[in-house]
Amino acid sequence: MAFGDVQQAHARIRPYVVRTPLLESRTLNDLIGARVLAKAECLQNAGAFKFRGACNRLLQLTDAQRKAGVVAFSSGNHALATSAVGRMFGVPATIIMPADAPKAKIEGARANGATVILYDREKDDREAIGADIARKTGAIIVPPYDDPHIMAGQGTAGIEIVEQAQAIDAPLDVVIAASSGGGLVAGVATAVKHLSPRTAVYAGEPAGFDELARSLVSGQPETNAPGTRSICDSLQVAKPGKLTFPINKRYLAGSLVVTDDEVRQAMKAAYQHLKLVVEPGGAVPLAALLAGKLDVSGKTVAIVLSGGNVDASVFIEALKG
């Protein structure tokens, strides 16, 4: 996946995606001591950046493939995105989701007309389940991140960030995007580093699921310990993607790791200062800034608030903190 692929994806999906705003709060700037520009992907179709990648992938299906349908595995946002794009283009979708995924995400995928199959993330292999369904039905597998079309679609957010920052004369010193499998930050980094080479790009991860941070230090893919838990339901893979890691290794300046409590504080801050509902995984970049994980004093920083699909009970608990 190269910058040209992101450019092509940008042109391909433009009629179907929301060009989400780049928001700013003076109060938030004062709290952090930097100019913070928040890319509100929580306002994207299906409530998260994942819509970009799913849209780019499904738009390239042949007529026969569209008829056969798609199968995707996801803890939530990729499920919502793939099912939403499938409904938009009349493509049947089967979504494999962990049984402990947020109720709002499971119900959302079903509301989009998808067939939802639940699995135990501790015992079952979601990729094996998906491969079996694809073999029996002829459906096309749409991975959540380890796919060049998916990465290119996610990278379109990076193009928009640079364009929107330039429009308000705000040269970017830093860009931060959350990472699970690494598709979003790989796509964003590819775009940003091409359009603004001076800008440092960082990933953000929850404690316990910081495999990318450790992998960037060691230079090889590291694995998270089994049984780890985090409030960030959308950022819980075991190891970096085979396709995403080489890109992230090339472009990223590092990965910033935050705790669940820091994430809750960021969710509350996004609501108070930006009037946004942001899910835990989507709030990780803001959490990193508020917790001082990176010295950004006097700099201009763009953060991707990557999703807003959060159960009401989880959001209420964050606001109480």
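Residues numbered from 1 in each chain as written. Predicted model: local features only at pLDDT ≥ 70, side-chain atom pairs only at ≥ 80, totals over all residues. Heavy atoms only, no water.

The name given to the chain in an unreviewed UniProt entry is Pyridoxal-5'-phosphate-dependent protein, with the source organism recorded as Bordetella genomosp. 10. UniProt lists a comment for the chain under the heading Sequence similarities (unreviewed entry), and it reads "Belongs to the serine/threonine dehydratase family." Regarding the chain, the relevant UniProt record gives this comment under Cofactor (unreviewed entry): "pyridoxal 5'-phosphate". (UniProt positions renumbered as here; feature names shortened; annotations may be inferred.)

Draft legend 1. View of the packing of aromatic side chains. In this structure the tally under the stated criterion is two aromatic pairs. With centroids separated by 5.1 Å and ring planes inclined at 90°, the aromatic side chains of Y16 and F89 adopt a geometry described as edge-to-face. Here Y16, found in the loop between α1 (3-13) and β1 (22-23), pairs with F89, found in helix α5 (residues 77-89); they are 73 residues apart in sequence, far enough to count as distant. For Y16, a relative accessible area of 30% translates into the label partly exposed. Classification of F89 by relative accessible area gives buried; the value is 18%. Over the ring of F89 we find R66, and its NZ or CZ is 5.7 Å from the ring centre. (Phe/Tyr/Trp six-rings, centres within 6.5 Å; stacked < 30°, edge-to-face > 60°. Helix = DSSP H or I, 4+ residues; strand = E, 2+ residues; numbered from the N terminus. Buried < 20%, exposed > 50% of the residue type's maximum accessible area, 1.4 Å probe, protein only. Lys NZ or Arg CZ within 6 Å of the ring centre and 35° of its normal.)

Draft legend 2. Structural detail: the pairing of strand β10 (residues 300-305). Most of β10 is tucked away: six of the six residues are buried. Going residue by residue along β10, you find T300, A302 and V304 tucked away on one face and V301, I303 and L305 tucked away on the opposite face as well. Two strands pair when backbone bridges link them, and strand β2 (residues 35-40) and β10 are joined in this way by six bridges, in the parallel orientation. Counterpart to A40 in the pairing with β10 is L305. As judged from the three bridges shared by strand β7 (residues 174-178) and β10, these two strands associate in the parallel manner. Bridge pairing links I176 to I303 in β10. (Pairing = 2+ DSSP bridges.)

Draft legend 3. Region of interest: the sheet that holds β7. Spatially, six strands are ordered β1-β2-β10-β7-β8-β9 in an open sheet, and the strand pairing comes out mixed. Unpaired on one side and paired on the other, β1 and β9 (254-258) mark the two borders of the sheet. By the bridge criterion, two bridges tie β1 to β2 in an arrangement that is antiparallel. Residue pairing in the sheet places L22 in a bridge with K39 of β2. On the sheet, helix α8 (residues 148-167) packs against β1, β2 and β10 and is oriented at approximately 135° with respect to β2. (Contact = heavy atoms within 4.5 Å. Axes fitted to C-alpha atoms, helices over the stretch in contact; angles between N-to-C directions.)

Draft legend 4. Inspection of the nonpolar core at higher detail. I32, I176, V263, L286, L289, I303 and L305 are the most contacted members of the largest nonpolar core, which has 38 residues in total. Of all the secondary-structure elements, those providing two or more residues to this core are α2 (26-32), β2, β7, β9, α12 (260-274), α13 (284-290), β10 and α14 (312-320). The element best represented in this core is α12, accounting for six residues. With 27 residues, the next largest nonpolar core counts L61, I95, M97 and A101 among its residues. (Core = buried A, V, L, I, M, F, W, Y, C linked by side-chain atoms within 4.5 Å.)

Draft legend 5. Looking closely at the environment of E205. By secondary structure assignment, the location of E205 is in strand β8 (residues 200-206). Considered as a pair, E205 and D30 are 175 residues apart in the sequence and their alpha carbons are 24 Å apart.

Draft legend 6. Representation of the side chain of Q154 within the structure. Along the chain, Q154 falls in helix α8. Under the relative-accessibility criterion, Q154 is labelled buried at 1%. Every residue in contact with Q154, bar those within four places of it in the chain, is listed here: F49, K50, R52, G53, P144, G183, L184 and V188.

Draft legend 7. Inspection of the pairing of strand β4 (residues 93-98) at higher detail. Of all six residues that make up β4, six are buried, and the element is covered over most of its length. What you see with β4 is no split at all: A93, I95 and M97 on one side and T94, I96 and P98 on the other are buried throughout. In terms of strand pairing, strand β3 (residues 70-73) meets β4 through four bridges, oriented parallel. Residue pairing for β4: A72 is matched across the bridge by I95. Once you follow β3 into α5 and on to β4, the crossover reads as right-handed. (Right-handed = clockwise from strand over helix to strand, strands pointing away.)

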